[in-house]
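# Fold and contact review
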Amino acid sequence: MAHLRLTGTATSQGVPVIGCHCAACSSTDPRDRRYRTSAVLYAGEARLAIDAGPDFRSQMLRAEVDRLDGILLTHEHNDHTAGIDDVRPYCFMQGVDMPVYCLPRVAGELRERFAYTFTNYPGVPRLDVRERTFGDHLDFAGLDLELLRVDHGRLPILGFRVNDLAYLTDVKTLPEQTIAALQHLDTLVISSLNHYGTHSHLSVSETMDYVTLLQPRKTILFHLSHRLGPHAEFQSTLPAGVYVGYDGMRLDL
């Protein structure tokens, strides 16, 4: 069955945070060990990674992802792209230039920050950058991903809907056209940074406002800060149908 597996559910510092001894960072609950936000979409034998942050190698090893058929980059920030070099084993094993789907702006960032991957230097990972934009449909192994605009503060980034599941990271606001595309959801996977929010991230209460508006059957919160406290404690504060995501969580389509 096609499904989405969350391979990372933390914000940019991960959990535990270096040098922090708060309740979440000191927790022995394995659900409180969070890599930077990322996921893998499974469709038959095909695998599509959603983002490739600094934990990408560890995430792929832990999830036992032995082949990869593409990467969808939501945006260019380091916690979503810093691990792109670690696609090289897949390039070597599969004999492919790895398809990378992203906005034109993000493609420009890749060519600048990872310029060596676009040279003839032996042994580098080969990237086949395929530019996409909001409203496009990405056909992946028979699944139709509708690419949606998410506003990460002033930065427009990619989210997507596939079947009745939507995946929206680094949200601050959702444009009206995106809200229209998110009706009648079974599962909403949406970021919820902390209890206060920032100029570019939703607070828990702001996320709940979108849940009330969209009325999905089930909501999964991710891109979580250690400031939300331990998993079990945070879960106890949430309404019915809203769940704290954790690394390794499987969501069937």
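Refer to the structure presented above.
Here's a quick rundown of the structure.

Rules used throughout
- Residues numbered from 1 in each chain as written.
- Predicted model: local features only at pLDDT ≥ 70, side-chain atom pairs only at ≥ 80, totals over all residues.
- Heavy atoms only, no water.
- Helix = DSSP H or I, 4+ residues; strand = E, 2+ residues; numbered from the N terminus.
- Contact = heavy atoms within 4.5 Å.
- Core = buried A, V, L, I, M, F, W, Y, C linked by side-chain atoms within 4.5 Å.
- Buried < 20%, exposed > 50% of the residue type's maximum accessible area, 1.4 Å probe, protein only.
- Pairing = 2+ DSSP bridges.
- Axes fitted to C-alpha atoms, helices over the stretch in contact; angles between N-to-C directions.

### Quick notes on the side chain of Thr 178
Relative to the assigned elements, Thr 178 resides in helix H5 (residues 176-181). What Thr 178 contacts, discounting residues up to four positions off in sequence, is Leu 148 and Arg 149.

### Some words on the nonpolar core
Core analysis: the largest hydrophobic core is formed by 50 residues, its most contacted members being Leu 4, Leu 48, Leu 72, Leu 145 and Tyr 167. When residues in this core are grouped by element, the largest group, 5 residues, is from strand S2 (residues 38-43). Residues in contact with Tyr 167, not counting those within four places in the same chain, are Leu 4, Leu 6, Thr 37, Ser 38, Ala 39, Ile 50, Gly 159, Phe 160, Val 189 and Phe 222.

### Remarks on the sheet that holds strand S5 (residues 98-102)
Pairing is mixed across the open sheet formed by 7 strands, whose spatial order is S6-S5-S4-S3-S2-S1-S14. Strands with a single pairing partner mark the edges of an open sheet, and in this sheet they are strand S6 (127-131) and strand S14 (250-252). Strand-to-strand, the axes of this sheet are offset by a mean angle of 25°, without reference to chain direction. Relative to strand S4 (residues 70-72), strand S3 (residues 46-50) runs parallel, the two being bridged by 3 bridges. Bridging from a neighbouring strand, Ile 50 pairs with Leu 72 of S4.

### Describing the environment of Leu 147
Relative to the helices and strands, Leu 147 resides in strand S8 (residues 143-152). C-alpha separation for the pair Leu 147 and Glu 176, spaced 29 residues apart in sequence, amounts to 14 Å. For Leu 147, the contacting residues outside a window of four places in its chain are Leu 72, Arg 132, Thr 133, Phe 134, Gly 135, Asp 136, Leu 158, Gly 159 and Phe 160.

Worth remembering: the numbers are spatial, not functional.
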